[in-house]
Amino acid sequence: MSGAGQSSDGCAGQDAEADGEPPHEAPLQQGVEEEEEAPSAAKQPRLEQDNVALDLLLVQAPVVPSAETCGSPGAAGSLKEDENKAHGNLILSVACHHTDETERAVGPEEIEGDVEWHQNGAETGETLGRTEEDGADESEKESPEDNSAEQHYQCLNFSQNPQMLTGSWAEYAHIAENYLRGCKWAPDGSCIVSNSADNVLRVYNLPPELYNGRWDMLSEMSPVLKMAEGDTIYDYCWFPKMTSTDPETCFIASSSRDNPVHIWDAFYGDLRASFRPYNHLDELTAAHSLCFSPDGSQLYCGFDKMVRVFYTDRPGRDCEERPTMVKKQGQTGIISCIAFSPCQSTYACGSYSRSAGLYSCEDGSLLALLPTRHNGGLTHLLFSPNGYHLYTGGRKDSEILCWDLRNPGHVLFSMHRTVNTNQRIYFDMDQSGRYLLSGDTDGVVSVWDTLTAPPDGNEETLQPLLQFQAHTDCANGISVHPSMPLVASSSGQRKFCWPSDSGDSESDSDDGNVVSTNDVRQDNALVLWWAGPLASTNEKVQEEEPTVIES
C-alpha cells in the first residue's frame with residue numbers, strides 16, 4: 001500500500017481530529033478515482049464496485065442472546081456459551097495474515113518454500129504449540145487442573161495489576177505527531193486494527209507467543225497490513241461476521257473526509273468496494289460514523305440529521321435515507337456514533353448536539369429521545385450485552401452515563417474520567433457486561449465493576465474498581481478482547497507548542513517563531529495488556545508493572 005495521505009491544511013485537520021464540528025466544505029478533486037491494477041486470478045475482488053454484488057459471506061449464524069441472558073443484567077459469564085459458539089476455540093488459532101520480507105501481505109497461494117499454509121493461518125505446528133487433533137486428544141487426558149488453565153483465557157481479573165505484554169511504538173515514530181485515534185479488536189480476536197493521524201489503518205496479528213506461553217520471547221509488534229485513506233479518518237469498523245479462517249469475511253469499513261465509504265480487505269489489504277453517499281446537491285459527502293448491522297447485511301452511516309443505510313451486497317450510491325429530524329421534531333446535529341442493541345431490533349444514535357436517540361431497525365422510526373445530560377457532543381455509545389443499559393460519553397465531558405432502557409430517560413449511575421479535549425475517547429465492556437474500561441486525557445485507564453452499582457439507581461457516581469497509569473499521554477482508545485483476558489489501549493493527541501518566554505530566538509525556527517518543546521511529551525503507542533491470571537513462569541518475565549492508582 002502506498003504511503004499515508006496527508007492533510008493539506010492544519011486547521012481542518014485539527015477540527016477533524018477533534019471529531020467535532022462539521023469540516024469546511026473543500027472543493028472536490030474532479031476525476032480523481034481509485035485506479036487499481038487488475039488483480040491476479042487468485043486475488044480477484046470478492047467485493048467489487050457499483051453494479052457488481054458485494055459478496056460478504058455470512059458464515060456464522062447471529063448470536064442471539066437467550067432469555068436467561070437478557071433476564072439477568074450484568075451477570076458475569078452469562079454470555080460465555082454464546083461467545084464460545086461465535087468465536088470458536090481462539091486458543092488454538094492465530095491470525096491469518098502473512099507477510100513477505102517486504103512486509104507486504106501475502107495470501108496462501110503466494111507462499112512458497114517449506115512454509116505450510118494452515119487453515120487457521122498458522123505457519124507451523126510449533127506456532128500453535130499443538131495441532132487441533134493433538135489438542136482434541138490431549139483434552140481427553142487433561143485433568144481438571146489442566147482444564148482450569150484453559151479457562152484463564154475466558155475471564156478478566158482486575159484484582160491484580162494488568163501486565164504490559166507488548167505493543168507498537170516505532171511504527172508511529174516515522175512521522176511527527178503521528179498520534180493514535182483508537183484501536184478495535186477483530187470480532188474473532190485474531191487481530192487488531194489501529195487508526196492514527198497519518199490516515200492509515202494498521203492491522204496487527206495477535207502475537208503467536210501468547211498461544212505457546214513464550215512471553216519472554218515477545219517483541220515489538222509490527223503491522224501486517226496498512227490501508228491508507230486519502231484524508232482524515234472519521235470512523236471505521238469491522239465486519240461483524242469476520243473470522244480469520246474464512247478470508248471472504250475479513251473486511252473493514254472506513255470513512256474519511258471528502259471520500260466515499262471504503263470497504264478494505266483485511267486479509268490482503270486491497271480496496272474492495274465503495275459506498276458513495278450524496279447530499280441534496282448531488283455532491284459526495286463523507287459519513288461521520290459507521291456501524292454494520294449485527295447480521296452484516298447493512299451498513300449504517302451517520303450524517304447531519306440523517307442516517308443512510310447501504311446494503312452490503314449492493315455497492316454504489318443506492319441507499320435508504322432515514323432522517324433523524326422530521327417536521328422539526330427529533331434528533332438534531334451530526335450523527336457521530338451508532339450502536340446496535342444485542343437483544344432488540346433497535347439501534348442508538350449519538351450526535352454532536354449532545355443527544356442520544358433510540359430507533360427501530362425496521363423503518364428507522366424514533367422510539368425514544370433521551371434527555372440532554374452531557375456537556376459536550378457525544379463521541380461514543382455502547383449497549384450492555386443484556387440490552388438493558390446504554391452507556392454514553394461526550395467530548396470535554398467527564399461523565400460516562402448509564403441509561404436504563406427499561407425506563408428510557410432514567411440514568412442509573414455515572415462514571416467519572418478526565419476528558420478535557422474534543423478528541424474521541426473510547427470506552428469498552430467485556431462480554432459478560434460486568435467491567436467497563438475507559439482511558440482519559442491523563443493516560444490513566446479506569447476499570448468499573450458495574451455489578452457494584454447502587455441498586456436503587458439514584459444516579460450516584462460509581463467509583464472505579466482499579467485505575468492504572470497506562471500511558472504518559474492521552475489514552476484515547478481501549479478495546480477488550482472478545483474471548484481472552486487481553487486489553488488493548490492506544491495513546492496520543494495533537495500537540496500545540498506555545499511561544500517560549502525566552503528571549504533567545506537565534507536557534508529557533510527559520511520563520512522567527514519561538515517554540516518551546518521542553519514540556520511536550522509524546523506517547524504514541526498501541527499497547528497490549530494481560531488482565532488475567534499469571535502463570536509462575538510469566539510472573540518472572542514481567543519486571544515492570546504499571547503504576548496503580550488507589551481508588
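Note that the coordinates shown come from a computational prediction; the quantities given were computed from them, not determined experimentally.

Draft legend 1. Main features of the overall build of the protein. A count of helical and extended segments in the protein gives eight helices and 34 strands. Buried positions account for 53% of the 551 residues belonging to the protein. A separation threshold of at least 6 residues defines the contact pool for the protein, and within that pool the share at least 24 residues apart is 60%.

Draft legend 2. The arrangement of the sheet that holds strand β22 (residues 378–383) in detail. If you trace the five strands from one edge of the open sheet to the other, you get β22-β23-β24-β25-β29, paired in mixed fashion. Each edge of the open sheet carries a strand with a single partner, namely β22 and β29 (460–461). Direction of pairing for strand β23 (residues 389–394) relative to strand β24 (residues 399–404): antiparallel, over a ladder of five bridges. Paired with G393 across the two strands is I400, which belongs to β24.

Draft legend 3. Unusual backbone geometry, seen in detail. Phi is positive for D282, close to 60°, though the residue is something other than glycine. Along the polypeptide, D282 turns up in the loop between β11 (271–275) and β12 (289–292). Phi is positive for K328, close to 60°, though the residue is something other than glycine. If you trace the backbone, K328 turns up in the loop between β16 (325–326) and β17 (329–330).

Draft legend 4. Fine view of the sheet that holds strand β3 (residues 163–168). Across the sheet, four strands lie side by side as β3-β33-β32-β31; this open sheet has antiparallel pairing. The open sheet has two free edges, formed respectively by β3 and β31 (475–480), since each of these has just one partner strand. Sheet twist, expressed as the average angle between the axes of neighbouring strands with direction ignored, equals 25°. Here β3 pairs with strand β33 (residues 526–530) via five bridges, running antiparallel. Along β33, the bridge assignment pairs G167 with V527.

Draft legend 5. Here's a closer look at the confidence of the model for the protein. For the protein, per-residue confidence averages 75 on the pLDDT scale, and 64% of positions sit at 70 or higher. Across residues 500–518, confidence stays below pLDDT 50; counting only partners more than four residues off in sequence or on other chains, it has 14 contacts. Considering only residues more than four positions removed or in separate chains, one finds that residues 536–544, a stretch of pLDDT under 50, has ten contacts.

Draft legend 6. The environment of D282, seen in detail. By relative accessible area, D282 is classed as partly exposed at 48%. Looking at D282, its side chain comes within polar contact range of the side chain of R317, at 2.7 Å.

Draft legend 7. Broad picture of the environment of G167. Assignment of secondary structure puts G167 in strand β3. For the pair G167 and A525, spaced 358 residues apart in sequence, the C-alpha to C-alpha distance is 6.9 Å. With sequence-adjacent residues up to four places away left out, G167 is seen in contact with E220, M221, L526 and V527.

Draft legend 8. Fine view of the pairing of strand β27 (residues 435–438). Residues Y435 and L437 point to one face of β27 and L436 and S438 to the other, with burial holding for every one of them. Sheet analysis places strand β26 (residues 427–429) next to β27, joined by three bridges and oriented antiparallel. Opposite F427, over in β27, you have S438 as the bridge partner. Here β26 folds back onto β27 in antiparallel fashion, the turn holding five residues, of which G433 has a positive phi close to 80°. Here β27 pairs with strand β28 (residues 444–449) via four bridges, running antiparallel. Opposite L436, over in β28, you have W448 as the bridge partner. Counted along the chain from β27 to the antiparallel partner β28, the turn is five residues long, and its residue G443 has a positive phi close to 85°.

Draft legend 9. Structural detail: the pairing of strand β32 (residues 486–491). For β32, the tally of buried residues reaches six of six residues, placing the bulk of the element in the interior. The pairing of β32 with β33 spans five bridges and is classified as antiparallel. Residue S490 lies in a different strand from β33, and its bridge partner there is L526.

Draft legend 10. Seen up close, the pattern of salt bridges. By the definition in use, this model includes 16 salt bridges. D216 is paired through a salt bridge with R214; the nearest N and O atoms lie 3.5 Å apart. Under the relative-accessibility criterion, R214 is labelled partly exposed at 42%. Notably, a salt bridge pairs D231 with R257, separated by 2.9 Å at the nearest N-O pair. Within this pair, whereas D231 is found in the loop between β7 (225–228) and β8 (233–238), its partner R257 is found in the loop between β9 (251–256) and β10 (261–265), the two being separated by 26 residues in sequence. In this pair, the class of D231 matches that of R257, namely buried. Several salt bridges converge on common partners, so that one network encompasses E171, D198, R202 and K226.

Cut-offs applied
Residues numbered from 1 in each chain as written. Predicted model: local features only at pLDDT ≥ 70, side-chain atom pairs only at ≥ 80, totals over all residues. Heavy atoms only, no water. Helix = DSSP H or I, 4+ residues; strand = E, 2+ residues; numbered from the N terminus. Buried < 20%, exposed > 50% of the residue type's maximum accessible area, 1.4 Å probe, protein only. Contact = heavy atoms within 4.5 Å. Pairing = 2+ DSSP bridges. Axes fitted to C-alpha atoms, helices over the stretch in contact; angles between N-to-C directions. pLDDT = per-residue confidence, 0-100. Polar contact = N/O pair within 3.5 Å; in protein donor to acceptor, adjacent residues only side chain to side chain. Salt bridge = Lys/Arg side-chain N within 4 Å of Asp/Glu carboxyl O.

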